[in-house]
Amino acid sequence: MRRIVVAAVLLVGVSFGAYPGIHGALSGAEAAARGTGEHRGKSNCPERSAPTIHDGFPQPPYLESKNGRLFVRLRAELVPVEINGQIYRSTVYNGQYPGPTIVICPGDVLRLNLRNALDPANYPGPVPDGDDPDIRGETNIHTHGFHVTPRRPSDNIFVMIDPGDLFRYRYEIPRDHPPGFYWYHPHRHGQTNVQNFGGMNGAIIIKGGVDSADVWRDIPTRDLVINQTALGDGATIQPGPRGPFVPGGTQWFVNGWLNPGIDIQPGELQRWRIANTSAGSFLFMQLEGQPFQVIATDGNYLRQITNEDTMLIGPSSRREILVVGPPAGSYRLNQLPFSATGGTPGG
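Residues numbered from 1 in each chain as written. Predicted model: local features only at pLDDT ≥ 70, side-chain atom pairs only at ≥ 80, totals over all residues. Heavy atoms only, no water.

### Structural notes on the overall build of the protein
Scanning the protein for helices and strands turns up three helices and 20 strands. Counting every position in the protein, which comprises 347 residues, the buried fraction comes to 50%. The contacts of the protein with a sequence gap of at least 6 include a subset with a gap of at least 24, amounting to 77%. (Helix = DSSP H or I, 4+ residues; strand = E, 2+ residues; numbered from the N terminus. Buried < 20%, exposed > 50% of the residue type's maximum accessible area, 1.4 Å probe, protein only. Contact = heavy atoms within 4.5 Å.)

### Examining the side chain of Thr 229
Mapped onto the elements, Thr 229 comes out in strand β11 (residues 221-229). One polar contact links the side chain of Thr 229 to the main-chain carbonyl oxygen of Phe 197, over a distance of 2.9 Å. Dropping the residues within four chain positions of it, Thr 229 is found in contact with Tyr 97, Phe 197, Thr 236, Gly 249, Thr 250, Gln 251 and Phe 253. (Polar contact = N/O pair within 3.5 Å; in protein donor to acceptor, adjacent residues only side chain to side chain.)

### Section: the environment of Asp 108
In this fold, Asp 108 is placed in the loop between β5 (101-104) and β6 (109-116). The spacing of Asp 108 and His 177 is 69 residues in sequence and 10.0 Å in space, taken between C-alpha atoms.

### Some details on the confidence of the model for the protein
Within the protein, residue pLDDT values average 84, and 82% of them lie at 70 or more. Segment residues 32-36 is flagged for pLDDT under 50; beyond a separation of four residues in sequence, or across chains, it makes five contacts in the model. (pLDDT = per-residue confidence, 0-100.)

### Here we look at the environment of Asp 309
Residue placement: Asp 309 occurs in the loop between β17 (300-308) and β18 (310-313). Once the C-alpha coordinates of Asp 309 and Gln 286 are considered, the two residues, 23 residues apart in sequence, prove to be 6.4 Å apart.

### Focus: the pairing of β17
The sheet contact formed by strand β16 (residues 292-297) and β17 spans five bridges and is antiparallel. Across the sheet, the residue bridging to Gln 293 is Asn 307, located in β17. (Pairing = 2+ DSSP bridges.)

### Observations regarding the sheet that holds strand β14 (residues 269-276)
In spatial order, the strands read β12-β11-β14-β19-β16-β17; together these six strands make up an open sheet with mixed pairing. Both edges of this open sheet fall to β12 (251-254) and β17, since each of them pairs with a single strand only. Across the sheet, the mean angle from the axis of one strand to that of its neighbour is 25 degrees, orientation sign disregarded. Bridge count between β11 and β12: four bridges; the pairing is antiparallel. Paired with Gln 228 across the strands is Trp 252, a residue of β12. (Axes fitted to C-alpha atoms, helices over the stretch in contact; angles between N-to-C directions.)

### Thoughts on a positive patch on the surface
Residues Arg 73, Arg 111, Arg 115 and Arg 168 make up a contiguous surface patch of positive charge. On the secondary structure map, Arg 115 appears in strand β6. (Patch = residues over 30% accessible without salt bridge, like charges linked within 9 Å, V, L, I, M, F, W, Y side chains within 5 Å. Areas by Shrake-Rupley, 256 points an atom, 1.4 Å probe, with all protein chains shown as cover. Salt bridge = Lys/Arg side-chain N within 4 Å of Asp/Glu carboxyl O. Lys, Arg positive; Asp, Glu negative; His and termini not counted. Charge placed at Lys NZ, Arg CZ, Asp CG, Glu CD.)

### Digging into the side chain of Gln 270
Positionally, Gln 270 belongs in strand β14. Taking relative accessible area as the criterion, Gln 270 reaches 1% and is therefore assigned buried. A distance of 2.9 Å separates the side chain of Gln 270 from the side chain of Arg 222, its partner in a polar contact. Residues contacting Gln 270, with those up to four places away along its chain left out, are Ile 53, Ile 219, Pro 220, Arg 222, Ile 262, Asp 263, Ile 264, Ile 321, Leu 322 and Val 323.

### Here we look at the state of the cysteines
Tallied over the full model, the rule gives one disulfide. Paired by a disulfide, Cys 45 and Cys 105 hold their sulfur atoms 1.7 Å apart. For the disulfide bridge between Cys 45 and Cys 105, the dihedral angle about the S-S bond is near 80 degrees, and by the sign convention the bridge is right-handed. Highlighted residues: Cys 45 in the loop between α1 (22-32) and β2 (62-64) and Cys 105 in the loop between β5 and β6, separated in sequence by 60 residues. (Disulfide = S-S within 2.5 Å.)

### Re the pattern of salt bridges
What the rule picks out here adds up to twelve salt bridges. Two residues, Glu 77 and Arg 75, come together in a salt bridge whose shortest N-O distance is 2.9 Å. With relative accessibility at 23%, the residue Glu 77 sits in the partly exposed group. Of the residues examined, Arg 75 reaches a relative accessible area of 39% and is grouped as partly exposed. A cluster of three or more residues bridged by salt bridges with shared partners is formed by Asp 298, Arg 318 and Arg 319.

### Some thoughts on the packing of aromatic side chains
By the definition in use, this model includes eight aromatic pairs. Ring centres 6.0 Å apart and planes at 90 degrees place the aromatic pair Phe 146 and Tyr 171 in the edge-to-face group. Taken together, the positions of Phe 146 in the loop between β7 (142-144) and β8 (166-172) and Tyr 171 in strand β8 put the pair 25 residues apart, joining distant regions of the chain. Across the pair, exposure class does not vary: Phe 146 and Tyr 171 are buried alike. (Phe/Tyr/Trp six-rings, centres within 6.5 Å; stacked < 30°, edge-to-face > 60°.)

Below, the structure written as structure tokens:
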């Protein structure tokens, strides 16, 4: 067994000759991702999906649909929560950092009750003056990347949930919805950054795609939800309403931990889903002498696997990659400097 630290990871090149049909299965998944968006009331789950690895690597709880239905309760609240093995007060869902991972299938119905237990006094924002509303502590939820109706009670970002209120969302997932990696987060302008920065976000997996081919179903998966926050004295540090939008001391956390270790056998093939759930920061990553093997971006499977020497994951963006366990040794996965206004990554 070889332990890899996420801050020192090797993703080695894959010899696809050892996996016949892998390119064809990927091309078929990309073609199948085009659809009409119709919901016909019947779940379109694959008979068998790639297994998720459960080996002690830190991960949020998984909430999976059964018989075409999933009911999720989320409570937004400022509470003590474990981050990197210590307790900090932060704004999260269900007392977890990050929130639970939702697993559904095309054709499913997802019901999500969101309770707003936020106290306006704990949050920055413009103090009401005259006709200006007090938006402090207001929230809602956006299912990022979903191909569903924007009308309430579905993915309507103009729904405003006041502190103390409950909203019942309902999402009818089309039977031909593109499978892949998605995520959810608040979308109340003026409050989104402070809530997301505190940890109000989580991943969504829509099954299907490459899982329909035997060669892919045998490749186990890991999910890495990467978010930014800054740890203060017993609490996370809130970004201000007018900046800085990324406070000093901000760090990247993987499933709520700094540099967690990953166990992988030498030569073992794994599929990793990676989400950058930050509100405005880029992940610009490079492996020591090795390319990334990218199979999907933002829930869209590529026609063929691509090699990338560096991988830029923008805010809200996701990637799926293949990882092969390296021989004994230590290999770094570097977060390179990146300027969104400099024109050139790393400049």
